[in-house]
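Reading the structure
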Amino acid sequence: MNILAPSILSADFCELGKQIEEIEKAGAQYLHVDVMDGIFVPSISFGMPIVSSVRPRTKMFMDVHMMVTRPERYVEEFIQCGADGVTIHEEACDCVAETLCRIREAGAQAGLAINPETPVEKLYPYLDKMDMALIMTVHPGFGGQSYIDECTEKIEIVNAIVHEYNLKTLIEVDGGIKVDNVCIPLDAGANVIVAGSAVFGGNVEENVKNFKEQFQNFED
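Right, let's walk through the structure included here. (Residues numbered from 1 in each chain as written. Predicted model: local features only at pLDDT ≥ 70, side-chain atom pairs only at ≥ 80, totals over all residues. Heavy atoms only, no water.)

Before going further, it helps to spend a moment on the nonpolar core. Membership of the largest hydrophobic core comes to 64 residues, with the highest contact counts inside it found for Ile23, Val64, Leu123, Ile135, Val199 and Phe211. Ignoring sequence-local partners within four residues, the contact set of Val64 consists of Val33, Val35, Val51, Phe78, Ala83, Gly85, Val86 and Thr87. Core analysis: the second largest hydrophobic core is formed by 8 residues, Tyr30, Met132, Leu170 and Val194 among them. (Core = buried A, V, L, I, M, F, W, Y, C linked by side-chain atoms within 4.5 Å. Buried < 20%, exposed > 50% of the residue type's maximum accessible area, 1.4 Å probe, protein only. Contact = heavy atoms within 4.5 Å.)

Here it is as structure tokens:
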């Protein structure tokens, strides 16, 4: 099953609760929350208060993406606030294996992300400790960027390994994905699609439905 994870980074925060209800009603399964600290990435977004506030408004899987230096400092707190999954960056954490284990021990799914310039091999030592691999298809920190085509090969490589070893690891992609190019990561093996402006720009419910229609072409 393919999963749509709209990123609230692109939502209208004056209408956030309403828009969350709209995407859930339209069939989105995950809610992607980009946490940025202004150090690991240039931008500053939001943190635990947003997760706590949003949690009661939705039954969607809360997919927290920590673009944060030393994320190990905060993983338990985000889970306590309502995160169902926490994804950390390989580039930002000095104790990746330990932190992934801590996320699972705290009751959430553990994800590991890599940036476009990071070799895909950096994921290999941790595949048995993660529930999701996140392939960034833009340089993190800002919404509205274009999909980096060279990242597609990384998706294909991780997908091949997941199938070879019969793993249950999800493959998430984040960055520059729209209805008219979502077939590229899906065809490469991605099954969790993060989309921001492509969902929250314009008619939210219609945008979600358009993504879901594309997903049907790649369902097993």
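Next up on the list: the pairing of strand S3 (residues 61-67). Most of S3 is tucked away: 7 of the 7 residues are buried. With burial as the criterion, each face of S3 is covered, one bearing Phe61, Asp63, His65 and Met67 and the other bearing Met62, Val64 and Met66. Where strand S2 (residues 30-36) meets S3, 7 bridges bridge the pair, whose relative direction is parallel. Counted as the bridge partner of Leu31 is Met62 from S3. As paired elements, S3 and strand S4 (residues 85-89) share 3 bridges and run parallel to each other. Looking at S4, one finds that Val64 is bridged to Val86. As a crossover connection, the stretch from S3 through helix H3 (residues 75-81) into S4 is right-handed. (Helix = DSSP H or I, 4+ residues; strand = E, 2+ residues; numbered from the N terminus. Pairing = 2+ DSSP bridges. Right-handed = clockwise from strand over helix to strand, strands pointing away.)

The subject of this paragraph is the packing of helix H1 (residues 16-26) against helix H8 (residues 204-216). Packing of H1 against H8 leaves a shortest axis separation of 8 Å and a crossing angle of 35°. With respect to the hand of their crossing, H1 and H8 are arranged in right-handed fashion. Listed contacts from H8 to Gln19, Glu22, Ile23, Lys25 and Ala26 of H1 are Val204, Glu205, Val208 and Lys209. Tallied by class, residues from the contact of H1 with H8 come to 4 nonpolar, 1 polar and 4 charged. (Axes fitted to C-alpha atoms, helices over the stretch in contact; angles between N-to-C directions. Left-handed = near helix turned anticlockwise from the far one by under 90°. Nonpolar A, V, L, I, M, F, W, Y, C, P; charged D, E, K, R; others polar.)

Right, let's talk about the state of the cysteines for a bit. Applying the stated criterion across every chain, the model contains 0 disulfides. In this model Cys93 remains outside any disulfide bridge; the closest cysteine sulfur is found in Cys95, 4.1 Å from its own. Given the relative accessible area of 6%, Cys93 is considered buried. (Disulfide = S-S within 2.5 Å.)

This next bit is on the packing of aromatic side chains. Counted under the stated rule, the structure contains 3 aromatic pairs. When the ring of Phe13 is compared with that of Phe46, the centres are 5.5 Å apart and the planes differ by 40°; the resulting orientation is tilted. Of this pair, Phe13 sits in the loop between strand S1 (3-6) and H1 while Phe46 sits in the loop between S2 and helix H2 (48-54), and the two are 33 residues apart along the sequence. Since its relative accessible area comes to 14%, Phe46 is described here as buried. (Phe/Tyr/Trp six-rings, centres within 6.5 Å; stacked < 30°, edge-to-face > 60°.)

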